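One-letter residues, chain by chain:
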Amino acid sequence: MILAKRLRTPTYFAAGLLICASVLGSFSAASAAENSVAPALEADLGADGLMTWWLYSPVQKVAFDTASPPRDAREGQPVAGAAGQWALIAAPQRFVDFKPFLNNAGSGVVFASAKLQSATGGKRLLRGGTYCGLKVFIDGELKLNKPQPTAPMSDESRAEIEIPKGTCEISVAVTVRSGHCGFQLMLSAVQAGAQQPEPVAGDKILVPTAAGKEPDTAAATLTSMAFLCRQSFVKAGDRVVLLAGFGGSLPKVERLTGRLSGPGGAAIGQPLAALTPQELSRTVWQSEYVVPAATGLAIPVTLEVRAGEKVLGTKKIELYSLEGLTAAAKELETSVAQRAAKAGRKMPGATLAVDKLTLILNKITSGEERISNTLGDTLQELIASARRCADLEEKGQDPWAGKTGYFERAYQSAIDDSAQPYFIDVPANFAMNRERTAKYPLVVFLHGYVPSYDKDRWWGEMPEFNVHFEKNNAFLAIPFARSNTDFWSCGEVDVLDVIAEVKRTYPIDDDRVYLYGYSMGGMATYHMAAHNSDMFAACVVLAGRADSPLQNKRPMENYHPFKQWLMHADNPISLCENFTNIPVRIYHGKSDMVISVDEAKRMEARFKELGCDAALNLSTGDHLSLFDDVMTKEEPVKWLLTQKRNAAPAKRRIKSYSLKYAHNGEVQALATTGELKPIELEWTSAGGAVTFTKDSDIVLARSVKGETKGTVPAGLHKTPQRCGPVRDAITRPFVAVYGTSGSPEANRKNKENADKFAKEWYAFTRSRITPKADKDVTDEEKKTKNLFLFGEQQDNLIHAAAAVGRASLPADGHGGPSYLPIAVKNGNVTIGEKTLPLAGLGTMFIYPSPFAPADGSQVIVVFAGLWFGRELGPNHKLDLVPDFLVFNDKIDPDGTSTNQAICAGFFNGEWKLDPKLMWWFEK
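What comes next concerns the included structure. The structure displayed is predicted, hence computed values, not measured ones. (Residues numbered from 1 in each chain as written. Predicted model: local features only at pLDDT ≥ 70, side-chain atom pairs only at ≥ 80, totals over all residues. Heavy atoms only, no water.)

Turning our attention to the overall build of the protein. Helix and strand content of the protein: 17 helices and 47 strands. Computed over its C-alpha atoms, the radius of gyration of the protein comes to 32 Å, within 12% of the 29 Å expected for a compact globule of 923 residues. Residue burial in the protein is summarised as follows: out of 923 residues, 58% are buried. Here the analysis covers contacts within the protein between residues at least 6 apart in sequence; of these, 72% occur between residues at least 24 apart. For the protein, the exposed surface amounts to about 37,200 Å²; the carbon and sulfur share of it is 50%. (Helix = DSSP H or I, 4+ residues; strand = E, 2+ residues; numbered from the N terminus. Rg over C-alpha atoms; globule rule 2.2 N^0.38 Å. Buried < 20%, exposed > 50% of the residue type's maximum accessible area, 1.4 Å probe, protein only. Contact = heavy atoms within 4.5 Å. Areas by Shrake-Rupley, 256 points an atom, 1.4 Å probe, with all protein chains shown as cover.)

Right, let's get into the pattern of salt bridges. Under the criterion given, the structure shown has 57 salt bridges. A salt bridge links K213 to E75; the shortest N-O distance between them is 3.1 Å. Here E75 lies in the loop between β3 (53-56) and β4 (87-90) and K213 lies in the loop between β13 (204-208) and α2 (217-224), a separation of 138 residues in the sequence. We note a salt bridge from D510 to K503, for which the minimum N-O separation is 3.2 Å. (Salt bridge = Lys/Arg side-chain N within 4 Å of Asp/Glu carboxyl O.)

Running from N to C, helix α9 (residues 490-505) and helix α10 (residues 520-531) point in directions that differ by 70°, and their axes come no closer than 12 Å. With respect to α10, the element α9 is oriented roughly perpendicular. On α10, the residues touching E492, V495 and L496 of α9 are H527, M528 and H531. The residue inventory of the contact of α9 with α10, partitioned by class, reads 3 nonpolar, 2 polar and 1 charged. (Axes fitted to C-alpha atoms, helices over the stretch in contact; angles between N-to-C directions. Parallel < 35°, antiparallel > 145°, perpendicular 65-115°, else oblique. Nonpolar A, V, L, I, M, F, W, Y, C, P; charged D, E, K, R; others polar.)

Turning our attention to the packing of helix α5 (residues 348-366) against helix α6 (residues 375-393). Where α5 contacts α6, the two axes come as close as 7 Å, and the packing angle between them is 155°. With respect to α6, the axis of α5 lies roughly antiparallel. Crossing hand, α5 versus α6: left-handed. Where α5 abuts α6, its residues P348, G349, A350, A353, V354, K356, L357, I360, L361 and I364 lie against L375, L379, L382, I383, S385, A386, C389, A390 and E393. Here the residues of the contact of α5 with α6 sort into 15 nonpolar, 2 polar and 2 charged. (Left-handed = near helix turned anticlockwise from the far one by under 90°.)

Considering all chains together, one arrives at 0 disulfides under this definition. Unpaired in this structure, C181 has its nearest cysteine sulfur neighbour in C132, at a distance of 5.3 Å. (Disulfide = S-S within 2.5 Å.)

For the bond running from G724 to P725, omega is 5°, close enough to zero to count as cis. Assignment of secondary structure puts P725 in the loop between β36 (708-709) and β37 (734-738). Of note in the backbone geometry, D72 takes a positive phi value of approximately 60° without being a glycine. With respect to the helices, strands and loops of the structure, D72 is situated in the loop between β3 and β4. Judged by its relative accessible area of 57%, D72 is exposed.

Looking now at α6. Within an α-helix, residues lying three or four positions from one another point in the same direction, as the helix has 3.6 residues per turn. The terminal C-alpha atoms of α6, which comprises 19 residues, lie 26 Å apart, in line with the 27 Å expected from a rise of 1.5 Å per residue. Turning to α6, its buried residues are L375, G376, L379, L382, I383, A386, C389, A390 and E393. Mapping the buried residues of α6 onto a view down its axis gives an arc of 160°, with all of them on the same face. Elements in contact with the buried residues of α6: β15 (233-234), β22 (310-321), α4 (322-343) and α5. (Expected span 1.5 Å × (residues − 1). Arc of directions from axis to C-beta.)

Turning next to the nonpolar core. The biggest cluster of nonpolar side chains holds 126 residues, and the ones touching the most others in it are F579 and F607. At 7 residues, the largest contribution of residues to this core is made by α10. Beyond its immediate chain neighbours, meaning those up to four positions away, F607 contacts Y526, C576, F579, V584, I586, C612 and A614. Within the second largest apolar cluster, 48 residues are counted, among which are A43, V110, A173 and V176. (Core = buried A, V, L, I, M, F, W, Y, C linked by side-chain atoms within 4.5 Å.)

With that settled, the discussion passes to the packing of aromatic side chains. Taken as a whole and judged by the stated rule, the model has 45 aromatic pairs. Taking 5.1 Å as the distance between ring centres and 70° as the angle between the ring planes, the aromatic pair formed by W565 and Y657 counts as edge-to-face. Of this pair, W565 sits in helix α11 (residues 561-568) while Y657 sits in the loop between β31 (652-656) and β32 (667-672), and the two are 92 residues apart along the sequence. This pair shows no difference in class: W565 is buried, exactly as Y657 is. Centre to centre, the rings of F884 and F907 are 5.0 Å apart; their planes meet at 50°, and the pair counts as tilted. One end of the pair, F884, is in strand β45 (residues 884-891); the other, F907, is in the loop between β46 (899-905) and β47 (918-920), with 23 residues separating them in the sequence. The same class applies to F884 and to F907, which are both buried. Above the ring of Y762, the side-chain terminus of R768 is found at 4.1 Å from the ring centroid. Over the aromatic face of F851 sits the side chain of K782, whose NZ or CZ is 5.9 Å from the ring centroid. (Phe/Tyr/Trp six-rings, centres within 6.5 Å; stacked < 30°, edge-to-face > 60°. Lys NZ or Arg CZ within 6 Å of the ring centre and 35° of its normal.)

No statement about biological role is implied by the geometric values presented.
Quick look at the structure:
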């Protein structure tokens, strides 16, 4: 039944409108008003005195502190002192949102203006709410000044003001903040203790239309009316509620009626009741619609609005079929996998589109997704993108070939065969360079930590940052790096993979590759440049840490030596020696409460102590201020692009806490005794010959020309490709394997733990893996992949085979001396001469895989007993696990949130147990 429903409060409908995106755009409207300059639109103030009809300017690059809106605004007229014209906006909700009109600007100021007409004049309460800075003027005089808040949240300011009788001009200046801009403005009676402020009768808002243009009441009415459904994604048989009404300024028209229709024009219920705009701000049109069975993806619903006999126009929404979208996603997933297998090639573009589609649909089903009226279009665009990419990638063609500007690409990660996104900005000059003879610089930007980042929604475009790269003919790449990995382990591999992909696809100058990072990405810029000191020509760091986040702002000395060693491996302040030939510029806000400015000062001091080219630039802002204070400025980018990788430096130096990172373009550490001493090398190079002037007594090294210092040991030894700790196993292709050869209870537990590992992998990397039963792992997988083995030796066939160093077990289950130095079987763990019952304990260790070539990089990781890391965040599960660990279910009181260790240690350089490298703790 169609009815007009009385709502409890006048703001109910306006709050409901926040579900949908703004219905915004230019329009024409109402009548000329007495005491105003005709022609102009006329509207009453909405509930609470809301004013949502305005003229607005394009984004202006002016300082907010001194910004003053131009006077005498009129639709279509130039904005005084700036480029662009005044345009009309009518927001059908409480909040006036300018984001759709910013042309992707990330900062600046937008002006808004209208005429305010009052029959009485006098005192009024002016309230302005926004997550930006907001200033309000009456006839050019500042009446309300709300500074931009220090956190990205909405807040409200209020002021008691005096307005004249008759007509005055009300103007607004509002800041653009990280690509967002908007406000809520209300003018009401001054009523002490009023629960619900109300506008003063006779107060109106007038919006001057273009000169010579007749006011169009019908168009204004239609534009400022909201039409929505509370449930945009539906199934056949769902009973959904359709709503229509006004949430802001109220047009001056008589009673309105409406008619609803579905697919094919079929009427939905009876005509809607005749109501005035004022009534429709408190009483909404409401109708129930039973969703029909649909074969397509979308179901159109139309609202026709009439004033008397005149049709003002129609408003349309689409309901999206969850059944149709889900079926399309599953069909695409199967199709893409089959086509990729048949073609024998990866299809990352199509795979990523399907991943995003499935991810969003899962979030909608679970209630996690915030629904907007653009989401359905997004899903349909993903379906089209998946099909387009699949058609091209199946033929071996690049879906993004020839494209310039800023867009998203994807590559397929070898680690877990997942599609990983990255943004790239390709300068227009690249398309014009038809001979492809020019080489281009590449800046790699590393983003900050944002908990909500996922493949479907992560880094937001910053045109004011991107423009610097277009202007300077440089490429910009922004890796997703699996969301919030700190760019450690697999996250670091992802960044290196993106660089390799960009170099493979575009003509990049190897001597002009740079890092530029913010916050988490600033810290990562330090450690990634230190780990790969031969790759980057220069770095810019914004608000980066000096110390590992694992320290939790505590001194390194607070932690046990095995944890200190693990922290040092990625710790910026521990690796400054590697910046001997990498210039770095550091930016930090003095008021940063997230990462103290002292961390930037310590990094600069350490760099200068070592003779590195480093400089610190301080601003007065907070942790987020550098988006505007630095990233919108060209200077840091121009400085980067003037740097070039030094091919013949006077000093050459490496410091590393891992064989994995002990390298640069000239030398590579090959082996170590395994002692907990950093690998430190200094050398000179002349005529292609390397002469070491300082080297650790525990290291063997060689130059890239093959000259070796020392003798590489025969047999099993730690290598740069295979050196531990446990976390290293997730940096190369792996399979999670659960045991099936034990008791039913053991098998159940093994499967449960493997599934838990997969779940934590998804929480960490936003990518899915599917665990395999031990009996289903192929010989090829054993040879080429790291194996995470869940279950004791008697429970897991592959663990049992690895224990004796055999690809498979002989019939009697014995194969000679044990290959593994740690035995986990029959409810016990044996390390050296010590055996502990596993009851109440857990263990894990990494070891070279006996199934892989002797010179390969593959490892196995054994998991048994208790689960590790129940108190750890998703991005730190394995960060403080050494080569081997036995632990209980208590939490270590050192503040790292790890389980308490019973035994922890590292294998020596020959992958053997060494008392000097292991520690026993009380149980």
